[in-house]
Amino acid sequence: RSDAAFAAVDLGATSGRVITGLAGPGRLELTEAHRFANTPVRLPDGLRWDVLALYQGMLEGLRTAARGGPIASIGIDTWAVDYGLLDADGALIGLPFHYRDGRNGRGAEQVLAVCGAQELYAVSGLQHLPFNTVFQLAAHRASAQWGAARTLLLIPDLLTHWLTGVVGVEITNASTTGLFDASAGGWSDALIGRLGLERSLFPPLREPGDPAGTLLPHVAEYMGLPAATPVTAVASHDTASAVAAVPATGPGFAYVSCGTWSLAGLELPAPVLTEESRAANFTNERGVDGTVRYLRNIMGMWLLEECRRTWGRRGEDPGLAALLAEAARARPFAAVIDPDDGVFLSPGDMPSRIDACLVETGQVAPDSPGGYVRCVLESLALAHRRTLREAAGLAGRELNRIHLVGGGSRNELLCQWTADATGLPLTAGPAEATALGNILVQARARGLVGDLMDMRQLVARTQELRHYTPQGDQQAWDRAAARLEQA
Ligand code: LRH
């Protein structure tokens, strides 16, 4: 069989894209059909996703992609944890909340009062993040809308539903809800029951590669695609798609999927549900083919993006290239923050929050934007080191290489410093790992690509990668790592 074209819809926290991928044996080429902003909206009752604008952007993009020739299937991935609720008629109730909304703290308290952190982890293996779906649902229950809710769909499943009319939840993303049984690989009836949620809210699960329906007639007509065009469930959690496209060709690799978040960890055959793992807050999210993404969330490029948003509002953002050049010249290790500090989670003035952390730990705030960027990137490299070393220790693994994928792989300073801090060789790229993983799962469902190893080899053979070897002063990084622990 020859090559085919697939459309990947990839929605991130700041922008959405529709990408066409030509895939087949020996071939994997991406073309961006459309890119659009994802701008959350603050309403009086909270921070929401403008999911209609995202849907419209997706339709627009698919229409553009369809003009380029036949599309064999469509796959959708987005960020995790967030959801929409449907009523008995199948209509969306309200706009989905943004995981950075402040309501979630209350929800976490309520859940933990019923179900202890140990019990939750023993079943779900999920790291504690204040915005895990289970906590959001607890906060949501107090609303007037809740009584009308009949079906929960995660964001990619909601968009799939609007394209096809079919209801289902894809499993890699289900594993980020806190209501998924990491060992059994299905919804946890036990947790759902304990927390007093209706079991019928949770639709049947789909595996990456499963069919997710065909386009509804009005959708197909709008896009100029045949009504029989299939939508395929991909690894709909963007991080799971990215990990599937890590171009590793042997064992012993760790990955950092670096975009708005840095997701740093390992791929394992089975979850690690020990008390040590819970205390270290590692997650066991599901990957393709039943693999486990054993990782921890690190605040990631959000720190830089939010600094730039703050400077931009004041007309003080000199642009990314200038900022990085300035950061490269700034004094090394002048300031270290802990990127995992919860104070950085919500949107708002990031430089001031960095200042406050530095003052609190007896450090001096940078005196230029480049100084902040250096502080952020060095601190992220240190956090990558801490997380990967802990993951390897808890999982009993030796690491021989880091694969840094996602948009962050374009940042040479971050790549070099992550190699330096960890003392490990690092392969950077592909920047488009998420879209590639999305396309590859669709191509595999059509029999055009083999197993996970074949998928990764195809990425390694066809995509542009950069290699970094550790340099610099190891002891200086060790000293800085000690400062991270005090930060
Ligand atoms: C990255 C990501 C991450 C989740 C977060 C909500 O985009 O999906 O894996 O923890 O967003």
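Rules used throughout
- Residues numbered from 1 in each chain as written.
- Predicted model: local features only at pLDDT ≥ 70, side-chain atom pairs only at ≥ 80, totals over all residues.
- Helix = DSSP H or I, 4+ residues; strand = E, 2+ residues; numbered from the N terminus.
- Rg over C-alpha atoms; globule rule 2.2 N^0.38 Å.
- Contact = placed C-beta atoms within 7 Å.
- Pairing = 2+ DSSP bridges.
- Axes fitted to C-alpha atoms, helices over the stretch in contact; angles between N-to-C directions.
- Core = buried A, V, L, I, M, F, W, Y, C linked by C-beta atoms within 7 Å.
- Buried ≥ 20, exposed ≤ 12 C-beta atoms within 10 Å, placed from the backbone.
- Parallel < 35°, antiparallel > 145°, perpendicular 65-115°, else oblique.
- Left-handed = near helix turned anticlockwise from the far one by under 90°.
- Arc of directions from axis to C-beta.
- Near = placed C-beta within 6 Å.
- Nonpolar A, V, L, I, M, F, W, Y, C, P; charged D, E, K, R; others polar.
- UniProt positions renumbered as here; feature names shortened; annotations may be inferred.
- Expected span 1.5 Å × (residues − 1).
- pLDDT = per-residue confidence, 0-100.

1. A closer look at the overall build of the chain
Scanning the chain from terminus to terminus reveals 18 helices and 21 strands. Expected size for 487 residues packed as a compact globule is a radius of gyration near 23 Å; at 22 Å, the chain falls within 12% of this value. With the principal axes as the frame, the chain shows a C-alpha extent of 60 × 55 × 50 Å. Taking the intrachain contacts of the chain between residues at least 6 apart in sequence as the baseline, contacts between residues at least 24 apart amount to 75%.

2. Details of the sheet that holds strand β19 (residues 401-405)
Read across the open sheet, the seven strands follow the order β17-β18-β16-β15-β19-β20-β21; overall the sheet is mixed. The open sheet terminates on both sides in strands that have one partner only, identified here as β17 (283-286) and β21 (466-468). Neighbour-to-neighbour, the strand axes of this sheet turn through a mean angle of 30 degrees, independent of strand direction. In terms of strand pairing, strand β15 (residues 253-258) meets strand β16 (residues 262-268) through four bridges, oriented antiparallel. From the neighbouring strand, Tyr255 faces β16, where its bridge partner is Gly265.

3. What to know about the nonpolar core
With 146 residues, the main nonpolar core has Ala7, Ala244, Ala245, Leu303, Val376 and Leu440 as its most contacted residues. Here the element with the most residues in this core is helix α14 (residues 369-395); it accounts for 11 residues. Among residues more than four places away in sequence, those in contact with Ala244 are Ala235, Gly287, Val288, Gly437, Leu440, Val441, Leu452 and Met455.

4. Looking at the packing of helix α11 (residues 302-313) against α14
Contact geometry of α11 with α14 gives a least axis separation of 10 Å together with a crossing angle of 165 degrees. Taken together, the axes of α11 and α14 are roughly antiparallel relative to one another. The handedness of the crossing between α11 and α14 comes out as right-handed. Contact with α11, carried on its side by Leu303, Leu304, Cys307 and Trp311, involves Pro369, Tyr372, Val373 and Val376 of α14 and no other residues of that element.

5. Looking at helix α13 (residues 350-360)
Residues Met350, Pro351, Arg353, Ile354 and Cys357 constitute the buried set of α13. Down the axis of α13, the buried set is contained in an arc of 160 degrees. They therefore lie on one face. When the buried face of α13 is taken as reference, the exposed residues oriented beyond 90 degrees from it are Ser352, Val359 and Glu360. In the core, the buried residues of α13 are packed alongside α11 and α14. Positive backbone phi, approximately 70 degrees, marks Gly362, located one or two places after α13.

6. Looking at the site of the ligand
In the vicinity of the ligand, the residues found are Trp79, Ala80, Val81, Tyr99, His237, Asp238, Thr239, Gly259, Thr260, Trp261, Leu263 and Asn297. The residue inventory of the shell around the ligand, partitioned by class, reads six nonpolar, five polar and one charged.

7. Section: the environment of Arg286
The residue Arg286 is located in strand β17 in this model. For the pair Arg286 and Thr172, spaced 114 residues apart in the sequence, the C-alpha separation amounts to 4.8 Å. Beyond its immediate stretch of four places on either side in the chain, Arg286 contacts Ile171, Thr172, Ser175, Ala240, Val292 and Arg293.

8. Side note on the UniProt feature "domain: Carbohydrate kinase FGGY N-terminal" (unreviewed entry) in the chain
Following the UniProt record, one finds the feature "domain: Carbohydrate kinase FGGY N-terminal" (unreviewed entry) at residues 48-243. With 39% helix and 15% strand, residues 48-243 has its two end C-alpha atoms placed 28 Å apart.

9. Some points on the environment of Glu221
For Glu221, the position within the fold is in helix α8 (residues 217-223). Residue classification places Glu221 among the exposed residues on the basis of 11 C-beta atoms within 10 Å. With 92 residues separating them in the primary sequence, Glu221 and Arg313 have C-alpha atoms 41 Å apart.

10. Notes on α14
An α-helix turns once per 3.6 residues; consequently, residues spaced three or four apart project the same way. If you check α14, its first and last C-alpha atoms are 39 Å apart, about what 27 residues at 1.5 Å a residue would give, namely 39 Å. Summarising burial for α14: 19 of the 27 residues are buried, a large majority.

11. Quick word on the pairing of strand β6 (residues 73-78)
In terms of residue burial, β6 counts as a mostly covered element, since six of its six residues are buried. The side-chain alternation of β6 yields two buried faces, one formed by Ser73, Gly75 and Asp77 and the other by Ile74, Ile76 and Thr78. The pairing of strand β1 (residues 4-11) with β6 spans six bridges and is parallel. Bridging across to β6, Ala7 finds its partner in Ile74.

12. What to know about the environment of Ile76
Structurally, the position occupied by Ile76 is in strand β6. For Ile76, a count of 26 C-beta atoms within 10 Å translates into the label buried. Between the alpha carbons of Ile76 and Cys375 there is a distance of 35 Å; along the sequence they are 299 residues apart. Aside from chain neighbours lying at most four places away, what touches Ile76 is Val9, Pro156, Leu159, Thr160 and Ser236.

13. Considering the confidence of the model for the chain
With 100% of its residues at a pLDDT of 70 or more, the chain shows a mean pLDDT of 97. For this predicted complex, the interface score ipTM comes out at 0.99, alongside a pTM of 0.98.

14. Structural notes on the packing of α14 against helix α15 (residues 412-422)
Interaxial distance between α14 and α15 falls to 8 Å at its minimum, and their mutual angle equals 45 degrees. The angle between the axes of α14 and α15 places the two elements in the oblique class. Here α14 and α15 pass one another in a crossing that is right-handed. Of the residues in α15, those in contact with Leu377, Glu378, Leu380, Ala381, Leu382, His384, Arg385 and Leu388 of α14 are Leu413, Leu414, Trp417, Thr418, Ala421 and Thr422. Of the residues assigned to the contact of α14 with α15, the class counts are nine nonpolar, three polar and two charged.

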